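One-letter residues, chain by chain:
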Amino acid sequence: MYIPFPEDSKFCSFIKCSKTFVAIVLTIMLSAPGLLWAQDSTAAAGAAPAGGGDAAKGESLFKNNCAQCHAVTDERVVGPGLKGATTRQDMAWLTKWVKNSQAVIASGDPYAVKLYNEYSKAQMTSFPNLSEDDIKGIFAYVDQAAAAPAPTAAAAGGAPAAAGAADSGPSDLFMIVVVALVVVMLLVLGVLLVIVSLLSKAVTGGTETAPKADFLTRFGNSVKNIATDPSIRSATIWIFVLLVLKATLDGAYSVGIQQGYAPKQPISFSHKLHAGEYKIDCNYCHTGVNRGKSAHIPSANICMNCHGVIKKESPEIQKIYTSIENNQPIEWVRVHNLPDLAYFNHAQHVNVGGVECETCHGDVAQMEVIQQRSSLTMGWCIDCHRQTEVNTKDNQYYDKLVQLHGTESKDALKVADIGGLECSKCHY
Ligand code: HEC
Ligand code: HEC
Ligand code: HEC
Ligand code: HEC
Ligand code: HEC
Ligand code: HEC
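Attention in this report is confined to the structure presented alongside it. (Residues numbered from 1 in each chain as written. Chains lettered and ligands numbered in written order. Predicted model: local features only at pLDDT ≥ 70, side-chain atom pairs only at ≥ 80, totals over all residues. Heavy atoms only, no water.)

## Focus on the layout of surface pockets
Here the second largest pocket defines a volume of roughly 670 Å³. Taken together, 25 residues line the second largest pocket, and the ones lying closest to its centre are P128, N129, G354, T388 and E389. Residue contributions to the lining of the second largest pocket peak at 3 residues, all from helix α2 (residues 54-65). Residue composition of the lining of the second largest pocket, by class: 9 nonpolar, 12 polar and 4 charged. (1 Å grid on protein atoms, 1.4 Å probe; cavity = no way out; pocket = protein on both sides within 12 Å on 5 of 7 lines; lining within 4 Å. Points joined across faces, edges and corners; volume = space filled by probe spheres on them. Helix = DSSP H or I, 4+ residues; strand = E, 2+ residues; numbered from the N terminus. Nonpolar A, V, L, I, M, F, W, Y, C, P; charged D, E, K, R; others polar.)

## Observations regarding the packing of aromatic side chains
The geometry of an aromatic ring pair comes down to the distance between the two centres and the angle between the two planes. According to the stated counting rule, one finds 6 aromatic pairs in the structure shown. An angle of 75° between the planes, with centres 5.2 Å apart, marks the rings of Y397 and Y398 as edge-to-face. Taken together through their ring pairs, the aromatic side chains of W93, W97 and Y111 make up a single cluster. (Phe/Tyr/Trp six-rings, centres within 6.5 Å; stacked < 30°, edge-to-face > 60°.)

## Points about the coordination of the iron atom of ligand 6
Only M378 (SD) and H427 (NE2) from the protein coordinate the iron atom of ligand 6, and they sit 1.9 to 2.1 Å from it. The coordination sphere of the iron atom of ligand 6 comprises 6 donor atoms, whose angles at the metal cover 86 to 178°; the geometry is octahedral. Note that M378 is positioned in helix α18 (residues 378-387) and H427 in the segment after α20 (423-426), a separation of 49 residues in sequence. (Donors = N, O, S within 2.8 Å, 3.2 Å for Na, K, Ca; no water. Tetrahedral: all angles 85-135°; square planar, octahedral: opposite > 155°, others 65-115°.)

## Things to note about the site of ligand 6
In the neighbourhood of ligand 6, 16 residues make up the surrounding shell, with P339, M378, C423, C426 and H427 lying closest. The contact in question runs from a nitrogen atom of ligand 6 to an N or O atom on the side chain of H427, over 2.7 Å. Contributions of two or more residues to the shell around ligand 6 are made by α18 and α20. With 4 residues, α18 is the largest single contributor of residues to the shell around ligand 6. (Near = heavy atom within 4 Å. Polar contact = N/O pair within 3.5 Å; in protein donor to acceptor, adjacent residues only side chain to side chain.)

## Considerations on the packing of helix α14 (residues 300-307) against helix α15 (residues 315-325)
One can describe the packing of α14 onto α15 by two numbers: an axis separation of 10 Å at closest approach and a directional angle of 130°. As far as their axial angle goes, α15 and α14 are oblique. Seen along the crossing, α14 lies across α15 with a hand that is left-handed. Of the residues in α15, those touching α14 at A300, N301, C303, M304 and H307 are I317, I320, Y321, S323 and I324. Counted by class, the contact of α14 with α15 contains 7 nonpolar, 3 polar and no charged residues. (Axes fitted to C-alpha atoms, helices over the stretch in contact; angles between N-to-C directions. Parallel < 35°, antiparallel > 145°, perpendicular 65-115°, else oblique. Left-handed = near helix turned anticlockwise from the far one by under 90°. Contact = heavy atoms within 4.5 Å.)

## Some remarks on the coordination of the iron atom of ligand 1
For the iron atom of ligand 1, the protein coordination sphere consists of H70 (NE2) and M124 (SD), at 1.9 to 2.1 Å. One can describe the donor arrangement at the iron atom of ligand 1 as octahedral, given that its 6 donor atoms subtend angles of 88 to 178° at the metal. Taken together, the residues span a long stretch of sequence, with H70 in the loop between α2 and α3 (85-88) and M124 in the loop between α6 (110-118) and α7 (132-147) at a distance of 54 residues. We classify H70 as buried; its relative accessible area is 11%. (Buried < 20%, exposed > 50% of the residue type's maximum accessible area, 1.4 Å probe, protein only.)

## Re the site of ligand 2
Taken together, 21 residues lie around ligand 2, and H271, C282, C285, H286 and H336 are the ones closest in. Taking H271, its side chain carries an N or O atom lying 2.8 Å from a nitrogen atom of ligand 2. Broken down by element, the shell around ligand 2 gets its largest block of residues, 3 residues, from helix α12 (residues 271-277). The residue makeup of the shell around ligand 2, split by class, is 13 nonpolar, 6 polar and 2 charged.

## Topic: the pattern of salt bridges
On inspection of all chains with the given rule, the structure shows 6 salt bridges. The closest approach of N and O atoms between K63 and E59, which form a salt bridge, is 2.6 Å. Taken together, the residues K63 and E59, both in helix α2 and 4 residues apart, mark about one turn of the helix. Judged by its relative accessible area of 29%, E59 falls in the partly exposed class. Of the charged contacts in the structure, one is a salt bridge between E316 and K319, with a shortest N-O distance of 3.3 Å. Within this pair, E316 and its partner K319 are both found in helix α15, separated by 3 residues, close to a single helical turn. Accessibility expressed as a relative area gives 26% for E316, which makes it partly exposed. (Salt bridge = Lys/Arg side-chain N within 4 Å of Asp/Glu carboxyl O.)

## Side note on the nonpolar core
Of all hydrophobic cores here, the largest spans 26 residues; its most connected members are F62 and W97. No other element matches the 6 residues that α7 contributes to this core. Once you skip the residues sitting within four places of it in the chain, W97 turns out to touch V104, I105, A112, L115 and M124. Counting residues in hydrophobic clusters, the runner-up holds 7 residues, among them A300, I317, I320 and Y321. (Core = buried A, V, L, I, M, F, W, Y, C linked by side-chain atoms within 4.5 Å.)

## Things to note about unusual backbone geometry
Even without being a glycine, H296 presents a positive backbone phi close to 75°. Judged by relative accessible area, which is 43%, H296 ranks as partly exposed. Located in the positive-phi region is K311, a residue other than glycine, with phi close to 55°. Along the chain, K311 falls in the loop between α14 and α15.

Keep in mind that these numbers describe shape and distance, not what the molecule does.
Below is the structure:
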């Protein structure tokens, strides 16, 4: 049964208006976040929009350089939470600190010395390459993120899953609010239409075909009308399409990204114990870092240099013995793994570039179980190449290049300027 609306009735235009209005509002509400997601995803893929504000640049600087040790909240990771750092010290102090914290401590600055002792003399990485503007940007981002209601960008290290989510789109809270709003609006719309159809029936004096229909039938009919109404239908289709689109994009951007991956290893080898407490140099075991493409995982023989005498009786150490006796290498589970299409060379970065292991791998010396701290995406490589100055000191190879670059530009020579963005450098 169709509830007739007299063509000239005021109710009719009211109903049409309200339906169209609701449909438009729904569409806008749903497509606005859709656009946001799309933008977010490109940013996450590394194509940071040019001319973005300080805080936007600060965000990627923070994530690449600081997030493995600091949260934007007041939560402690390796170093203190940075929430409120700008109120504890002024910008001049912060700049000096970030560029070279050891120098500030050495100068006897009481705040720095106290902090250093509080954090059991853990050394913060120095960032002499960051400019004053970069550092301002980082703290602009920190303040912004700390003030945000849902601190999802916090602690990339402490909560890698959360950091991944923050990279790929707006917060869950935002999604929940949008969905809740949509549900409420749909309910209101339903009730509105029921009321209007009841009223319009009263106005037309009950002269239509089924005047005595009970409330349930009438309600059912209204629902049917809503379901067949073209504007409502198109709004529903929009909702569906946008949700599917979002799910697809999220899926596509997280394929192959394993940030936070920390599998159980066959022997419970602890970097915290060996590299942290006993301060064994990374190169002692990862012998390839200064020489070639691969860092190398140490063979059991390297372990035996020490465990031939140390803790022989431990069942974990016995596994090393078993491996040697059976001539079976220990089957460590690989954690960091670029796809075959990409070329990465450790010696280039560690030996020539002077990049610290921690910059890419996080604070390994504090890890009980090794974990992948960086995303290892192309965007991650490119971001760093755009921002990092080439380590040209005492390297004759670069002297000519530096001279040439100096005549063309006032900026320092970045990795991007020596071809660090060329496809063929990273792809076979
Ligand atoms: C390898 C770990 C590590 C990295 C990376 C790191 N920090 Fe730190 N940071 C620390 C530690 C540890 C402290 C505590 C002081 C100390 O022990 O030297 C600290 C202290 C600080 C403080 C003082 C905090 C306060 O409460 O006043 C600021 C500010 C700071 N870091 C900023 C940064 C920024 C900005 C970056 C990125 C550009 C960064 N840090 C990267 C480990 C790190
Ligand atoms: C005593 C030897 C030893 C020292 C010292 C050592 N490592 Fe390791 N490292 C290993 C072994 C064994 C593995 C493989 C087992 C595992 O993943 O825990 C490993 C794994 C790793 C991995 C992950 C490899 C993968 O599968 O992707 C990284 C990254 C790493 N080490 C970095 C470091 C850094 C940085 C340091 C110095 C701070 C360091 N290691 C010091 C022995 C060592
Ligand atoms: C430079 C010396 C050195 C090397 C090389 C070394 N370790 Fe150790 N390892 C130590 C010391 C010191 C301890 C702490 C012993 C203790 O707690 O008394 C230790 C402890 C351990 C423990 C904990 C044992 C237990 O039951 O408490 C494991 C497991 C271990 N090492 C595995 C390895 C493996 C695997 C390698 C080779 C990749 C390796 N270590 C290489 C010095 C070394
Ligand atoms: C510029 C970033 C960067 C720096 C700096 C860096 N690594 Fe790596 N590391 C990587 C990447 C990327 C991979 C994955 C390589 C692959 O899958 O081919 C990796 C892989 C590894 C592996 C796994 C084995 C291998 O070589 O594939 C070990 C072990 C390792 N790194 C240790 C270290 C140590 C120790 C240092 C410091 C001396 C260091 N890395 C410095 C980015 C870095
Ligand atoms: C933390 C910063 C950082 C990250 C992250 C990083 N790089 Fe680099 N990369 C450098 C620096 C610094 C150099 C310059 C080294 C030198 O002086 O030759 C460099 C140089 C290179 C070069 C040689 C470029 C040339 O023209 O000579 C290649 C290739 C390269 N990187 C590949 C990669 C790949 C692939 C990744 C990601 C898996 C990556 N890098 C991640 C800092 C980084
Ligand atoms: C600094 C190093 C670097 C440069 C320069 C670079 N790439 Fe990549 N690219 C990578 C790495 C690393 C990956 C693997 C990323 C992953 O597994 O998520 C990758 C992945 C890809 C993929 C596979 C799709 C994907 O996202 O996994 C394509 C296609 C690609 N790059 C094309 C290009 C093109 C075209 C250029 C030149 C405009 C280029 N790359 C320049 C490092 C680089």
